[in-house]
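Structural description and commentary
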Amino acid sequence: MWGSAKNFGNWISNIIPQWMLHMGINLVVDSDLHLIHIEERKIVEAGSANWLKTCFVPTNSDAFVVGFRRWLKKYSGGKIDWGGKFSAGTLPPTPPREQLMDRYWSHVVNCKSFHSAYKSLNALEVILQVISVVSVGIVAETRHSVIMSTTGRITMVSMAMVCFAVSRWLARYIYKNFHYHDYNHTLH
């Protein structure tokens, strides 16, 4: 559950692209996703009436959780109707961690700003790789000619190496931020 003040920080969205703001939010969500998944199973084990004994919600920021649980109890007896897909009081099977933390299918495909950034960054990765290959090709083709000086060749090779290194970094960045971002609480 997420709540934010609508009139606070609107000017930030004019400066920072929407998908970058989503990345910050996703880091918070990802950091808690696995723990929330485990906690959800503990609540089912203890019974929906005993959820407060299972969860520790000491702060005002937990008011949304408490409010949701009260609403759930009032309108659905504390359980979610899965539409006959799963029996009442049970949860779907626990997916593998990679599927649970998969950002592509849970967010990127459905979010216009994230999907647009994903396509643009992938295109940039390909462009950088093409520049790298073309630069090396130009140097190889002009190796024995006097058209290009040694300094020019060194510059082209250096540019090819930098473009390739940036494209590899970008590939890891895209994977981590648009596909699968694991979060290990013991490291943070």
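The residue numbers shown here count from 1 along each chain, following its written sequence. Only residues with pLDDT of 70 or above have their local features reported here, since the model is predicted, and side-chain atom pairs are shown and tallied only from 80 upward, although totals for entire chains, interfaces and linings are computed over all residues. Remark: hydrogens and water are excluded; side-chain values derive from all non-hydrogen atoms of the structure.

For the protein, an unreviewed UniProt entry supplies the name Pheophorbide a oxygenase domain-containing protein and the organism Acer negundo. Entered under Subcellular location (unreviewed entry) in the UniProt record, the comment concerning the protein runs "Membrane". UniProt positions are given in the numbering used here, feature names are shortened, and annotations may be inferred rather than shown by experiment.

Tallying secondary structure elements over the protein gives 8 helices and 0 strands in all. A helix here means a DSSP run of H or I that spans at least four residues, while a strand means a run of E at least two residues long, and both kinds are numbered starting from the N terminus. N-terminal to C-terminal, the α/β element order of the protein is α-α-α-α-α-α-α-α. Throughout, exposure labels follow a simple rule: accessible area from a 1.4 Å probe, protein chains only, divided by the maximum for the residue type, with under 20% read as buried, over 50% as exposed, and the rest as partly exposed. Counting all 188 residues of the protein, 26% fall into the buried class. Every residue pair with non-hydrogen atoms within 4.5 Å of one another is taken to be in contact. Long-range contacts, defined here as pairs at least 24 residues apart, represent 69% of the contacts in the protein between residues at least 6 apart. Using the Shrake-Rupley algorithm and a 1.4 Å probe, accessible areas are obtained, with residue cover drawn only from the displayed protein chains. Accessible surface computed for the protein: about 13,400 Å², of which carbon and sulfur atoms make up 64%.

A few words on the nonpolar core. Residues W19, F114, L121, Y173 and F178 are the most contacted members of the largest nonpolar core, which totals 15 residues. Contributing elements (two or more residues each) for this core: helix 2 (18-46), helix 6 (103-108), helix 7 (112-141) and helix 8 (150-178). Every residue in contact with Y173, bar those within four places of it in the chain, is listed here: W19, M23, L121 and F178. Residues grouped as a nonpolar core are buried Ala, Val, Leu, Ile, Met, Phe, Trp, Tyr and Cys residues, joined through side-chain atoms within 4.5 Å.

Another aspect to go through is the pattern of salt bridges. The term salt bridge refers to a side-chain nitrogen of Lys or Arg lying within 4 Å of a carboxyl oxygen of Asp or Glu. Enumeration over the complete set of coordinates arrives at 1 salt bridge. The shortest N-O distance in the salt bridge between R168 and E125 comes to 3.0 Å. Taken as a pair, R168 in helix 8 and E125 in helix 7 lie far apart in primary sequence, 43 residues in all. E125 gets classed as buried once you look at its relative accessible area, which sits at 13%.

Here the focus is the packing of aromatic side chains. Here a pair means two rings of Phe, Tyr or Trp (six-membered ring of Trp) with centres within 6.5 Å. Their orientation is stacked below 30 degrees between planes, edge-to-face above 60, and tilted elsewhere. With the rule as written, the count across this model stands at 8 aromatic pairs. Pairing W19 with F178 gives two aromatic rings, centres 5.8 Å apart and planes at 35°, and the pair type is tilted. Residue W19 is located in helix 2, and its partner F178 is located in helix 8; the two are separated by 159 residues in the primary sequence. In this structure W19 comes out as buried when scored by relative accessible area, which is 15%. With a relative accessible area of 0%, F178 lands in the buried category. Seen in terms of ring centroids, Y104 and W105 are 5.0 Å apart; in terms of plane orientation they differ by 90°. Their pairing is edge-to-face.

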